[in-house]
Structures are given as structure tokens and as C-alpha cells.
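Structure assessment
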Amino acid sequence: MLIKNSLKENNIVFVITESFTFRFYLEKWIFNLADFSNIYIVGNFTNNEITSLAKQFSEYSIKFHSICIKRKIDIKSDLNSIFLLRKFILNIENPVIFSIMPKANFIISLIKIFSCNIKVASIITGPFWLNFSKINLKYYFFRIIESFIFYQSNMVIFDSLSQKNFALKHLLFSSQSIKFFNTVSLGGVDLSNYFKSERIRLSFRDSMGINSSRRVVGHFSRLCERKGTLDFLKVAQHIINTLEDPPIFYISGPAEERHVTDAIYEFSRKNSSHVIFKEGFFYNINEILNGIDILIMPSRWEGFGIVAAISSATGTPVLGFDVVGLRDAIKSDITGYLVPPHDINELACLTIKLLEDDLLYTKLSDTAQSYARENFSTNIFLSDFKDLYSRLHDGNF
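All of these numbers come straight from a predicted model, not from anything done at the bench. Note on numbering: residues in each chain are counted from 1, in written sequence order. Selection of residues for local features in this predicted model requires a pLDDT of at least 70, selection of side-chain atom pairs for listing and counting requires 80 or more, and totals for whole chains, interfaces and linings are taken over all residues. Excluding hydrogens and water, the side-chain figures rest on all heavy atoms present in the structure.

Here's the deal with helix 4 (residues 102–114)
Classification of residues uses two cut-offs on accessible area relative to the type maximum, computed with a 1.4 Å probe and protein chains only: under 20% is buried, over 50% is exposed, and between them is partly exposed. Starting at the N terminus, helices and strands are each numbered in turn, a helix being any DSSP run of H or I of at least four residues and a strand any DSSP run of E of at least two. Inspection of helix 4 places Lys103, Ala104, Asn105, Phe106, Ile107, Ile108, Ser109, Ile111 and Lys112 among the buried residues, and these make up the whole buried set. Working rule for contacts: check all heavy atoms of both residues, and any pair within 4.5 Å makes them a contact. Buried residues belonging to helix 4 abut strand 1 (11–18), helix 3 (75–90), strand 4 (95–100), strand 5 (119–124) and helix 5 (137–152).

Structural data, given as C-alpha cells:
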């Protein structure tokens, strides 16, 4: 039984950049921690957001506090953030700080220089310096920042084992005083909201004007090079050129890079009878994953690949590149297939194989659902998270 606003020995402070971080990463499971800890969420919230969130979580020991932490570097604003955040943290008895996203991690690392006694766990959601494909000043700057964050942290937590291994391999410098852990994705995967449903599948197909027997291959994510959108278009074109009766290609997501969006429109123009393109944020994930038959995720890297885990729960096989994050979320011959990075031909051939082999498709669909529920659940993540918190709180890290 949860006690409203109870005084507890444990005090957890989550430091984030913007409200989106809370909605995407914390909202689904944070209330499960309120039975053993007072929780403070600090970030760039508006007054209306704080009022709404306080009402939403009124029965739990969760408090929201607004301090502006900009995503991009702004020296004047950042110095103010450091001053206000340090003052806030020092007013909390024996706090354990969990910072999320690069800018919040960096700000907390700077605060720890002047407040060495605070316990800090940096939650790493991806090797962001990989976004810079060219080795230049920005590339090295972000690698140095990441290494500084690791050095200042008491504990570093990753979304996935492959991400942890990658980080350890590429650290510019390290410290023996920190420990590195991996756990299930920070966002958790509340699989109760994601399941296979023929009714939902038919409803989605009807809304899109797609025949129920027609195969559909999907790609939905932020539409940019990092998420592999251009590689998806190459795979799709390969399949269209190969098959007499190619599937429908469903592309959906918010546009992030103009040249990528232009490439999608050009691809759609050339193959209009085989393409459905829906630009913008998608909220009906369960409907989309039930409506398509195969999901392709040719990302350069992922923190974990939550969408791949969710896709497995709906029985939709996932194909992607064997890269950081995805190699934890996709298991070849169980939930889908992993292929070497940028191997367009292999990705297309395996997609065609699944489209043509009904027995293989049914097998993967069934095993994907079982694997997802046994390995990707919020309960598994919460158990790991509480263990990591206890270690950090008691100094047993």
C-alpha cells in the first residue's frame, strides 16, 4: 500500500532536460518507486506542466521542480542552471542523483566537482558522438564530454549490454572508482499495451486502404540518416525491383533532415502504388505494428531499440543492422534478423525470404512474442533499477 507524501529514508533526484524526457523515459514506471523513496523530478518544466503532473501523481511521493537546462550549450544559462540545481540538491538529505540525457549528465558532473560527497549515477541513452560521421572537432569534443561524465560519476548505467561494451572500448580515459552497469532500457517496456490482434490489424489496414492479404513492410522512426531512413529506401527499391508483386512500404515519423524527407518524397513519386508515407509524430504504435508484417530498423546505433522490443511483442519480426543497441533488442532466428551494417543486399534478401516463406514467418512471429515477454518488461527493469539504487545509496558499487 502506497502512503501519500510519506517521509522516507531514500531520496532520489532525477535530473532531465525537458518534459519530453520524462514522458518518454520515466512516466510509465516512476510511480513504482514511490513505495520506498521520495522522488524529485527536476527539469525544464513549464508551470502548467508542473501543475498537471503534480495532479497526475498526487497519490505518490513524487515532486516536480522546474530548472531550465537547455539541450544545447549556453554558458550564461548553464552557469545559472548549475547554481540553482546545486542549491536544490544540497537542500535534500542524502540524495542519490540520476541524470538522464547528455546535457543533464554534463551539468551534474560539473556540480560534482564542487560537491564531491553527492552520489551520482549517469544514465547513458546512446553514444551521441557517433552522430558525427566525420572525425572533426565536434566528434572529439563530444567524446571528451562523455568521458568526463564517466569520470565524475559514481555509477554509469546503460540501456543495453552492447552499448556498455562499446563505451568501455572507446573511452578516452577512465577511472577505477566508477562502475559500469547495463539494464533493460530506461524507458521500460510496458508490454501490456502491446500485443498481437487480428482485429487491430484489420482496422489499421482498412484505415490505410490496404487489402488484408497484402504484405506490408514498415519503417517508422525519426526520419534521418542516423535512423537509417536512406538505407531503408535502398532496401525497399531493391525489393520492388526484384519481386513481381512487391509489398506496400509504410513509412512514418517526424521529419528531422530535409534531404532525407526529399528522398522519401522522390521514392514515393517513383513508386506511388507501393508506398504510404505519413509524416509526423506517431502515437498509435500498437496499431501500426499490428498493421504491418515486417519492421525494418537500419539504424546506425540505438540506445536499446525499444521499438524493436515492442514490435516483437506484437508478433511483427524485426530486421536491422548488427549495431550498438539493436543487437540486444533483436535476436536472429528468434525475433527477426541482424545483418552486417549497411549490407543492403542481405537486408533485402532476408526481407524477401520472410515475405515468401509463410512457415518461417509464422515461426518468427510466435517466438518473437514469447521472447519479448520473457526478456523486455518493466518489471525486469524495475528490479534491476532498485538493485542499482541500493548499491549506490549504500556505497556498495
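From this point, things continue past the structure.
Considering unusual backbone geometry
Backbone geometry places asparagine 94, a non-glycine residue, at a positive phi of 45°. Position of asparagine 94 relative to the elements: it lies in the loop between helix 3 and strand 4. For aspartate 333, which is not glycine, the phi dihedral falls at a positive 70°. Here aspartate 333 lies in the loop between helix 12 (326–329) and strand 13 (336–339).

Comments concerning the side chain of serine 268
Relative to the helices and strands, serine 268 resides in helix 9 (residues 258–270). Here serine 268 falls in the buried class, since its relative accessible area comes to 15%. If near-sequence neighbours (up to four positions away) are discounted, serine 268 is found in contact with Val275 and Phe277.

Describing the packing of helix 3 against helix 4
As a rule, the C-alpha atoms of each element are fitted with a line to give its axis, helices using only the stretch in contact, and angles between N-to-C directions run from 0 to 180 degrees. With their axes 10 Å apart at the nearest point, helix 3 and helix 4 run at an angle of 65° to one another. Handedness of the helix 3/helix 4 crossing: right-handed. Of the residues in helix 4, those touching helix 3 at Asp78, Ile82, Leu85, Arg86 and Ile89 are Lys103, Ile107, Ile108, Leu110, Ile111 and Phe114. In this count, Pro and Cys sit with the nonpolar residues alongside Ala, Val, Leu, Ile, Met, Phe, Trp and Tyr, while Asp, Glu, Lys and Arg are called charged and the others, Gly among them, polar. Split into classes, the residues belonging to the contact of helix 3 with helix 4 amount to 8 nonpolar, no polar and 3 charged. Two helices crossing with the near one rotated counterclockwise from the far one by less than a right angle form a left-handed crossing, whereas a clockwise rotation gives a right-handed crossing.

Focus: the pairing of strand 10 (residues 275–279)
DSSP bridges decide pairing: two strands pair if at least two such bridges lie between them. Both strand 9 (residues 248–253) and strand 10 contribute to a ladder of 5 bridges, which runs parallel. Within the sheet, the bridge partner assigned to tyrosine 250 lies in strand 10 and is isoleucine 276.

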